[in-house]
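# Descriptive analysis of the structure
The chain contents come next:
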Amino acid sequence: MRAIAKIDTNTNEVVDRISTGNVPTGVRVAPSGDYLITSNRTTDSVTITNLPDASSTQIPVGANPGRVRFSPDGTLAVTANKGDDTISLIDTKAKEELARIRVGKAPRAAEFTPDGSAILVANHADGSISVVDVAEQGVTQTIPVGPTPLGLLVTDSQAYISHEDTGEITVLKRTKA
């Protein structure tokens, strides 16, 4: 069974197992705490699981999805699909993929801006960051940042990008569009 273990942090014991798709790679709990989402690498899907009753819905997304992140209000989620150079924008209430958006090569991380209006995507194979407008569901800017961007943290004023091969951190100053 492919599953995520639910652990009681007071006793450090597994109290339940929640079924997922194959090779659950990324997992996040919604800001509300009511459900979680996992990306399932080998089935090209995400699973949204209702935490109170463990009911779940599997949603097809792009190839080889990785990390998954929520919008600040939890109504949307995004996963970077390194297998087909896309991100998937997911409506968490309707439990469906809203858009599959082509970005740079081998995206490995995607993060919403704090206001939820944009998504920054770390494109590992071409050393760039794609800026995606959430409302327009398209790339508005591609920023070269150097080799192998992997990790990404976005604040109101800056974005921090870690680079796998160099061990460096790039800091981008953000401006409102």
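Above this text you will find the structure in question.
This text gives an overview of the structure that appears in the document. From a predicted model like this one, the values you see are computed outputs, not experimental measurements. (Residues numbered from 1 in each chain as written. Predicted model: local features only at pLDDT ≥ 70, side-chain atom pairs only at ≥ 80, totals over all residues. Heavy atoms only, no water.)

Helices and strands together make up the secondary structure of the chain, namely zero helices and 17 strands. Computed over the C-alpha atoms, the radius of gyration of the chain is 16 Å, within 12% of the 16 Å expected from 2.2 N^0.38 for a compact globule of 177 residues. Across its three principal axes, the chain shows a C-alpha extent of roughly 45 × 35 × 30 Å. The burial tally for the chain puts 45% of its 177 residues in the buried class. A separation threshold of at least 6 residues defines the contact pool for the chain, and within that pool the share at least 24 residues apart is 30%. Of the roughly 8900 Å² of accessible surface on the chain, 46% is carried by carbon and sulfur atoms. Averaging the coordinates of the 17 positive side-chain charges in the chain and doing the same for the 21 negative ones gives two points 3 Å apart. (Helix = DSSP H or I, 4+ residues; strand = E, 2+ residues; numbered from the N terminus. Rg over C-alpha atoms; globule rule 2.2 N^0.38 Å. Buried < 20%, exposed > 50% of the residue type's maximum accessible area, 1.4 Å probe, protein only. Contact = heavy atoms within 4.5 Å. Areas by Shrake-Rupley, 256 points an atom, 1.4 Å probe, with all protein chains shown as cover. Lys, Arg positive; Asp, Glu negative; His and termini not counted. Charge placed at Lys NZ, Arg CZ, Asp CG, Glu CD.)

It is worth spelling out the environment of Asn 50 at this point. Turning to its location among the elements, Asn 50 is positioned in strand 5 (residues 45-50). For Asn 50, a relative accessible area of 26% corresponds to the partly exposed category. Excluding residues within four positions of it along the chain, Asn 50 makes contact with Asp 34, Tyr 35 and Ser 55.

A complete count under the given rule lists two salt bridges for this structure. For the salt bridge of Glu 111 with Arg 69, the shortest nitrogen-to-oxygen distance reads 2.8 Å. With Glu 111 in strand 11 (residues 107-112) and Arg 69 in strand 7 (residues 65-70), this residue pair connects regions lying 42 residues apart in the sequence. With respect to class, Glu 111 is no different from Arg 69; both count as buried. (Salt bridge = Lys/Arg side-chain N within 4 Å of Asp/Glu carboxyl O.)

The next subject is the sheet that holds strand 6 (residues 56-60). The strand order 3-4-5-6 describes an open sheet built from four strands, whose pairing is antiparallel. The open sheet has two free edges, formed respectively by strand 3 (24-29) and strand 6, since each of these has just one partner strand. Between one strand and the next, the sheet's axes are offset by a mean angle of 20 degrees, whatever the strand orientation. (Pairing = 2+ DSSP bridges. Axes fitted to C-alpha atoms, helices over the stretch in contact; angles between N-to-C directions.)

Right, let's talk about the nonpolar core for a bit. Judged by nonpolar contacts, the single largest core of 14 residues is most densely connected at Ile 87, Leu 89, Ala 110, Phe 112, Ile 119, Val 121 and Val 132. When residues of this core are assigned to their parent elements, the largest contribution, three residues, is made by strand 8 (residues 76-81). Apart from the residues within four sequence positions on either side, Ile 119 is in contact with Val 78, Ile 87, Leu 89, Ala 110, Glu 111, Phe 112, Ser 130, Val 131, Val 132 and Val 134. The next biggest cluster of nonpolar side chains, apart from the first, holds 12 residues, and it includes Leu 120, Ala 122, Val 131 and Ala 159. (Core = buried A, V, L, I, M, F, W, Y, C linked by side-chain atoms within 4.5 Å.)

Further remarks concern the side chain of Asn 40. Counting through the fold element by element, Asn 40 comes out in strand 4 (residues 35-40). Leave out the neighbours within four places in its chain, and Asn 40 touches Thr 20, Gly 21, Asn 22, Val 23, Pro 24, Ser 45, Val 46, Thr 47, Gln 58 and Pro 65.

As a further point, take the sheet that holds strand 7. Within the open sheet, the four strands sit side by side as 7-8-9-10. Their pairing is antiparallel. Edge positions in the open sheet fall to strand 7 and strand 10 (96-102), since each of these has one partner strand only. Here the strands of the sheet are splayed against their neighbours by 20 degrees on average, with no regard to which way each runs. In this sheet, strand 9 (residues 86-91) lies alongside strand 8 in antiparallel orientation, the contact comprising six bridges. What sits directly across from Val 78, in strand 9, is Leu 89.

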